[in-house]
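Breakdown of the fold
Okay, here's what each chain looks like letter by letter:
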Protein chains: 4
Amino acid sequence: MINIKNDYSEVAHPKVLEHIMAYSMQVNAPYGEDKHCLHAAQLIKGHLNREVDIHFVSGGTLANILSMAAFLRPYQSIIAVETAHIADNETGAIEGTGHKVITVEGEDGKMTPKEIEGVMSIYTHEHKTQPALVYITNATELGTVYTKGELIALREVCDEHGLLLYMDGARLAAALTSEFSDISLGDLAELTDAFFIGGAKNGLMFGEALVLVNDRLKPDFRYMYKNRGAMFSKGFLMGMQFEVLFENDLYFELGRHANRMAALMAEGLLARGIEFYKPRVTNQIFVRLSDEQIERLSEKFLFEVFQYPKDGKVVRFITTWSTTQETIDLLMDFLDGQ
Amino acid sequence: MINIKNDYSEVAHPKVLEHIMAYSMQVNAPYGEDKHCLHAAQLIKGHLNREVDIHFVSGGTLANILSMAAFLRPYQSIIAVETAHIADNETGAIEGTGHKVITVEGEDGKMTPKEIEGVMSIYTHEHKTQPALVYITNATELGTVYTKGELIALREVCDEHGLLLYMDGARLAAALTSEFSDISLGDLAELTDAFFIGGAKNGLMFGEALVLVNDRLKPDFRYMYKNRGAMFSKGFLMGMQFEVLFENDLYFELGRHANRMAALMAEGLLARGIEFYKPRVTNQIFVRLSDEQIERLSEKFLFEVFQYPKDGKVVRFITTWSTTQETIDLLMDFLDGQ
Amino acid sequence: MINIKNDYSEVAHPKVLEHIMAYSMQVNAPYGEDKHCLHAAQLIKGHLNREVDIHFVSGGTLANILSMAAFLRPYQSIIAVETAHIADNETGAIEGTGHKVITVEGEDGKMTPKEIEGVMSIYTHEHKTQPALVYITNATELGTVYTKGELIALREVCDEHGLLLYMDGARLAAALTSEFSDISLGDLAELTDAFFIGGAKNGLMFGEALVLVNDRLKPDFRYMYKNRGAMFSKGFLMGMQFEVLFENDLYFELGRHANRMAALMAEGLLARGIEFYKPRVTNQIFVRLSDEQIERLSEKFLFEVFQYPKDGKVVRFITTWSTTQETIDLLMDFLDGQ
Amino acid sequence: MINIKNDYSEVAHPKVLEHIMAYSMQVNAPYGEDKHCLHAAQLIKGHLNREVDIHFVSGGTLANILSMAAFLRPYQSIIAVETAHIADNETGAIEGTGHKVITVEGEDGKMTPKEIEGVMSIYTHEHKTQPALVYITNATELGTVYTKGELIALREVCDEHGLLLYMDGARLAAALTSEFSDISLGDLAELTDAFFIGGAKNGLMFGEALVLVNDRLKPDFRYMYKNRGAMFSKGFLMGMQFEVLFENDLYFELGRHANRMAALMAEGLLARGIEFYKPRVTNQIFVRLSDEQIERLSEKFLFEVFQYPKDGKVVRFITTWSTTQETIDLLMDFLDGQ
């Protein structure tokens, strides 16, 4: 079976494993207070023009739990689009921290300033929660990306209403290296209050680098880190992995590769008249296939089929740092052979 | 100023106060384990054909917090309509207990079986919360009521999916005594798993009687009762108040009065060509007035103006056990004088 | 049966009920935003020399839940003595808000600066919770009171360690009017960050006045108030009740009466050679009786028997605003008749 | 610097890394639903005579959070010894799930049936939490182990009171392979309701295998798993690691090695007249050193210094799967050279 289902099905990029092997018997301080974490954080900070705090977390949902629990007071809520991971895919993890997630429809998986304004015009008094944070993903769950202009507009409306802006970057590499993106890591440190740089979906075994930009969010964060079970005993494992990713821009290279493969795949699909649910922007491709096509394709390929409440059945293909031209070719051959 | 804004602006019905006065120096066991609570519970049970447990709670939001915390496991969620009190008006109190509230649009403030089916068709796996309870209000936030047929249909879809059915009865008196309602208290004990009988909006100083029907919900409930701060030291105060309400059907009499006054008011409004947002069913009247009308009316009357996300500005008038014909006349005179 | 078991077994002091009756049909704004609450708050503020915020809460446990949830961040903890109400008698309500209660032994139910120092010397890093608040009761669960010197010493150690000082004043009236107390309400506003003035145990039907002294605790408090189910629809009921208590110093008069009756009772008990578990300080009397004495006394009197982990069986008698000389005499006669 | 500070300072045992390398590009199902997890679970189940469910969790604190949140109802509490990890070292993580941790003194870090009885004799009514689970660690935080007789006695008292028995096995390998232990993995499946098999402290990069024995704890567990952020996207990483540990009894071999090294170290220390705080039982050694000794030792060795509330300063040395005879020799030489 050929995997075009997700970007977290292989162990890790070879360089990541080699790097870890190189230090296999090295004694390191636990809980993320080691020199690898320090070094990795410095490498990331090299891309930013702001004083930030960086904490490595072993998973995206845990990073979201941790952040929402740390950033918000109990009566405060989060604004997110309906398709947002925290709204749609985390089994109530955020509500589990006591916070309401207010959803708006979004446009192609993206939050709009107007929707934030809409929420703020209704959530105006103490019988409703107090919205305090806007949660966005980049790339979104529909593979789209925010432009710098869009981020600036979100920042402005957040500032106007005293809202934090938080970016879930589980697929940030694909977003930043998309040809449709004009933003950099540095921009994120200018425009968000906190964001995380996803590792697991871009070549790491595991690990997300949570970047705290807003000074108000920094104090005592390690207490929350432990309190929510996110403090990792062998935190240095994440330090080592992020060292590799950011030492020679491997992070961006892997993201670019995934996008390039997706572009090729999309090109092939378009050429074969496949209907797209959403235009391809990053490494996720959403298309419509007949039930028969889905069934046949399932014999050889692993892929995702979503049933959207409003839009019905949609097929997702995904490319990754490990996707090869051969995979694309096999898919095209298969489609041609139908 | 004349109050047509809400049904909880006066201390209490005179009979309630008299009854309490009569026992003012009587020594009673605390925490709801007294003979007044026992007696009040027996009076309520006299209307039901099921073995139930009854716990008196000092407020509706607290009753909802308590119930959701007690009935659900941490990963479980609640299905409610958008306008539901727990979704719209409790400052995230339910999310504060860790549970997601999944909202559907509803029809005139009421939940439909089809909407429950719709949610259950999507919430099918462990990356989403597990819906476990359907929350309905009766009368709803839009003043509408459930018919027996509608409740049976909800019960059936709940049974099919293993869902609890819970009714917030903050305005249950107005619902049960509405000419549009064909259900009785006894029906609720047949068709719901738990419900509460609101007192504060029907003549009491405070107090809601939470009725646990489903045997599974009964054990250890008093632990939760204390854990959430709902165990009232002088619980007998609620017992005394509910004794009055259910001793001579005062509960129903007061509800009927509120509905009768609302019917008269609605008649007068219709006769004057006022546009109704929703037809009048219980003691809440939703109409559309011009900004000028609202402004003028505000000089003499206390009333509510809602700004609905989709439907814009709506005015609510409310009648209560204490509303007099004179109030209706004054409102009509005022409208005539415009 | 004669009640010497607790101070919350009667409806309320007659003046409280009369006052409420006088306003029975008055229309008041809901949710504590009415003129009675405003007036009652002003009367209380008249005793204080600090700008404070006052919120009325319907019960002590709920006031504690609300305060701890509002004042603390998720990883912060509370220091309390073992016998403290929140540690011993609230069914984990505080842990239910997510916060650890660190207990120390205490001296006669009172916290000592040394014990706080002891905790702070151990809770020094992020693998342990961050103590952030010292919880004390006054009068304590053992009937003792804090002197001004003791409070100042606690304040100093709290300031040194950045800890909030919070006083649960469920029995504050008995404390302030004890002949062993040298503190005033005004002192509390100087020395604590927040405290509440108990009503239910001093003549009210219900109601505790939560006083927020520290400016940091004030913003957005009404959001928490609603979020935890503590916002009372007919909040004016508490306003009315506290008006009576503080209009003519009834609050202090009732506390003094309870103490006077306790002093008389203690005198009689001492004269009869009854062994005291703790010296009498306020309206709670702790004595040791034989099982036979307990059994016989139970025929005529309602009283409390505690089983302390370390100290074994202890009998508590309690006097209240409603206790009469006759009750004392009956108890003495009964003891004499043994 | 030579590490005798903890057992989680190196990446992993070489066989673990080799095994992962061997599968580096293999496509696996995410979220723990892959064949490696299945296989690893089967290997573990081979040691047990009960139908169990096994879930791999990335850390011990997270496993505890997850388990307590899943096993208990909101008003229920946990009984643990004062030195227990959840009581002493998890920054209130368990209280963060809403549950009180009731502590007892313990004997050498171990829970006694008598202490459970003591708690149950006090926690008898609804004004206190309802104890529902006994939490023990094995090996304990003081390096001691439970004997089979002790476990049976705990099981009996738990059964008598309807309590769950849960074992935190972060250092289970050292416990089971201690010469002072007479229990097997199989015994744990007979005597506990749930336990976890620690990997991170016994040669893995990370991973604890949570074993659910009691059928009542099994349903819907994966919902909680996701809800608390414990569902790991590349769950197969833990499957792979546990495969290695249990394929050829490496798990036990590594535990035995750590104990053997500790025995040698203890022998040397005793021979040199070092005072032991507790006798050596597993891979943790607790001794008393002078401040001067501590200071000098710090120049060459990494070790832990605890400040116990009652017992003062205690030094902990720890051996692990990677400790060599050379390390022991160097320590002895150093002590001889003083």
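Procedures and definitions
- Residues numbered from 1 in each chain as written.
- Chains lettered and ligands numbered in written order.
- Predicted model: local features only at pLDDT ≥ 70, side-chain atom pairs only at ≥ 80, totals over all residues.
- Heavy atoms only, no water.
- Helix = DSSP H or I, 4+ residues; strand = E, 2+ residues; numbered from the N terminus.
- Rg over C-alpha atoms; globule rule 2.2 N^0.38 Å.
- Buried < 20%, exposed > 50% of the residue type's maximum accessible area, 1.4 Å probe, protein only.
- Contact = heavy atoms within 4.5 Å.
- Areas by Shrake-Rupley, 256 points an atom, 1.4 Å probe, with all protein chains shown as cover.
- Lys, Arg positive; Asp, Glu negative; His and termini not counted.
- Charge placed at Lys NZ, Arg CZ, Asp CG, Glu CD.
- Least-squares fit on C-alpha atoms with pLDDT ≥ 70 in both.
- Phe/Tyr/Trp six-rings, centres within 6.5 Å; stacked < 30°, edge-to-face > 60°.
- pLDDT = per-residue confidence, 0-100.
- Pairing = 2+ DSSP bridges.
- Axes fitted to C-alpha atoms, helices over the stretch in contact; angles between N-to-C directions.
- Buried area = accessible area lost by both parts, 1.4 Å probe.
- Salt bridge = Lys/Arg side-chain N within 4 Å of Asp/Glu carboxyl O.
- Nonpolar A, V, L, I, M, F, W, Y, C, P; charged D, E, K, R; others polar.
- Core = buried A, V, L, I, M, F, W, Y, C linked by side-chain atoms within 4.5 Å.
- Expected span 1.5 Å × (residues − 1).
- Polar contact = N/O pair within 3.5 Å; in protein donor to acceptor, adjacent residues only side chain to side chain.
- Parallel < 35°, antiparallel > 145°, perpendicular 65-115°, else oblique.
- Left-handed = near helix turned anticlockwise from the far one by under 90°.

For the rest of this paragraph, the subject is the overall build of chain A. A count of helical and extended segments in chain A gives 13 helices and 13 strands. Scaling as 2.2 N^0.38, a compact globule of 338 residues should have a C-alpha radius of gyration of about 20 Å, and chain A matches this with 20 Å. For chain A, the spread of C-alpha atoms along the principal axes amounts to about 60 × 55 × 35 Å. Per-residue burial for chain A yields a buried fraction of 67% across its 338 residues. Sequence-distant contacts in chain A: of pairs separated by 6 or more residues, those separated by 24 or more amount to 72%. Accessible surface for chain A amounts to roughly 11400 Å². Of this, 47% is attributable to carbon and sulfur atoms. Positive and negative charge centroids in chain A, built from 31 and 47 side chains respectively, lie 3 Å apart.

Between chain D and chain A, the superposition needs a rotation of 180° and an axial shift of 0.0 Å, giving an RMSD of 0.0 Å. What the superposition gives is, in effect, a two-fold axis relating one chain to the other. Looking at the interface residues of chain D, 100% of them are also at the interface in chain A, so both copies use one shared face.

Residue and element names in this part refer to chain B. Enumeration according to the criterion identifies 67 aromatic pairs over all chains in this entry. With 6.1 Å between their ring centres and 70° between their planes, F71 and Y166 make a pair best called edge-to-face. On the criterion of sequence distance, the pair formed by F71 in helix α3 (residues 60-71) and Y166 in strand β6 (residues 164-168) is long-range, its members being 95 residues apart. Looking at F71, the relative accessible area reads 5%, which means it is buried.

Right, let's get into the confidence of the model for chain A. Mean pLDDT over chain A: 96, with 100% of residues reaching 70 or higher. This prediction of the complex comes with two scores: 0.97 for pTM and 0.96 for ipTM.

So, about the sheet that holds strand β6 (residues 164-168) of chain D. Residues and elements named next belong to chain D. The seven strands lie next to each other as β2-β8-β7-β6-β5-β3-β4, forming an open sheet whose pairing is mixed. The open sheet has two edge strands with one neighbour each: β2 (53-57) and β4 (101-104). The mean inter-strand angle of the sheet, taken between neighbouring strand axes irrespective of direction, is 25°. Helix α10 (residues 236-247) contacts β2, β7 (194-198) and β8 (208-212) of the sheet and is inclined by roughly 115° relative to β2.

Before going further, it helps to spend a moment on the interface of chain C and chain A. Contact residues are listed per partner, giving 24 residues for chain C and 24 residues for chain A. By the criterion of area lost to chain A, the three top residues of chain C are C:Y75, C:E126 and C:Y223, representing 37% of everything that side buries. Residue C:R222 is joined to A:E126 by a salt bridge in which the shortest nitrogen-to-oxygen separation is 2.6 Å. Classifying every residue of the side of chain C that touches chain A gives 10 nonpolar, six polar and eight charged.

Grouped together as the largest cluster of nonpolar side chains are 205 residues, with contacts concentrated most on B:F71, B:I197, C:F71 and C:I197. Excluding its chain neighbours within four sequence positions, the residues that come into contact with B:F71 are B:Q76, B:L133, B:L164, B:Y166, B:A194, B:L212, B:R216, B:L217, B:F221 and D:R73. If you look at the next biggest cluster of nonpolar residues, it comprises 204 residues, including A:F56, A:L151, A:I197 and D:L204.

Here the focus is the relation of the copies chain C and chain A. For the match of chain C to chain A, the screw axis carries a shift of 0.0 Å, the RMSD comes to 0.0 Å, and the turn is 180°. Here 100% of the contact residues of chain C are again contact residues in chain A; the copies associate through an equivalent surface.

Another point: helix α10 (residues 236-247) of chain B. All names here are of chain B. The terminal C-alpha atoms of α10, which comprises 12 residues, lie 16 Å apart, in line with the 16 Å expected from a rise of 1.5 Å per residue. In terms of residue burial, α10 counts as a mostly covered element, since 11 of its 12 residues are buried. Among the residues of α10, those classed as buried are F236, L237, M238, G239, M240, Q241, F242, E243, V244, L245 and F246.

For a regular strand, side-chain orientation follows a simple rule: the groups alternate between the two sheet faces. Residue and element names in this part refer to chain D. The buried fraction of β7 amounts to five of the five residues, a majority that puts the element mostly inside the structure. Burial of β7 is two-sided: the residues A194, F196 and G198 facing one way and the residues F195 and I197 facing the other way are all buried. By the bridge criterion, two bridges tie β6 to β7 in an arrangement that is parallel. Along β7, the bridge assignment pairs M167 with F195. Where β7 lies against β8, five bridges are found, and the strand directions are antiparallel. Across the sheet, I197 pairs through a bridge with A209, a residue of β8.

Turning next to unusual backbone geometry. Residue and element names in this part refer to chain A. For the peptide bond that leads from N138 to A139, omega is -5°, which places it in the cis range. Looking at where A139 falls in the secondary structure, it is placed in the loop between β5 (130-137) and α6 (148-161). Phi at D220 takes a positive value of approximately 65°, unusual for a residue other than glycine. Looking at the secondary structure, you find D220 in the loop between β8 (208-212) and α9 (221-227). For D220, a relative accessible area of 31% translates into the label partly exposed. One non-glycine residue with positive phi stands out, namely D249, at about 60°.

Let us now look at the interface of chain D and chain A. Contacts between the two partners involve 46 residues from chain D, matched on the other side by 46 residues from chain A. Roughly 3800 Å² of surface becomes buried between chain D and chain A when both sides are summed, with 65% attributable to carbon and sulfur atoms. Taken as a group, D:Y8, D:V11 and D:K234 account for 16% of the area that chain D buries against chain A, more than any other trio of residues on that side. Inspection of the region where chain D meets chain A yields zero salt bridges. The tally of links from chain D across to chain A stands at 18 residue pairs in polar contact (both at pLDDT 80 or more). Of all elements in the fold, only α1 (14-22), α3 (60-71), α9 (221-227) and α10 of chain D reach the threshold of two or more residues within the side of chain D that touches chain A.

Residue and element names in this part refer to chain D. Looking at the secondary structure, you find E105 in the loop between β4 and α5 (113-122). E105 sits in the exposed class, given a relative accessible area of 53%. Separated by 153 residues in the primary sequence, E105 and A258 have C-alpha atoms spaced 28 Å apart. Not counting residues within four places of it along the chain, the set of residues in contact with E105 comprises V81, E82, E115 and K310.

Attention shifts here to the packing of α1(D) against α10(D). All names here are of chain D. Across the interface, α1 lies against α10 with an axial gap of 9 Å and an inter-helix angle of 130°. Between α1 and α10, the crossing angle belongs to the class labelled oblique. Note that α1 runs across α10; the crossing there is right-handed. Touching K15, V16, H19 and I20 of α1 are L237, M240, Q241, E243 and V244, all from α10. Here the residues of the contact of α1 with α10 are counted per class, giving five nonpolar, two polar and two charged.

This part covers the pairing of strand β12 (residues 304-308) of chain C. All names here are of chain C. By the bridge criterion, five bridges tie β12 to strand β13 (residues 312-318) in an arrangement that is antiparallel. Counterpart to Y308 in the pairing with β13 is G312. Between β12 and β13, which pair antiparallel one after the other, the connecting turn spans three residues.

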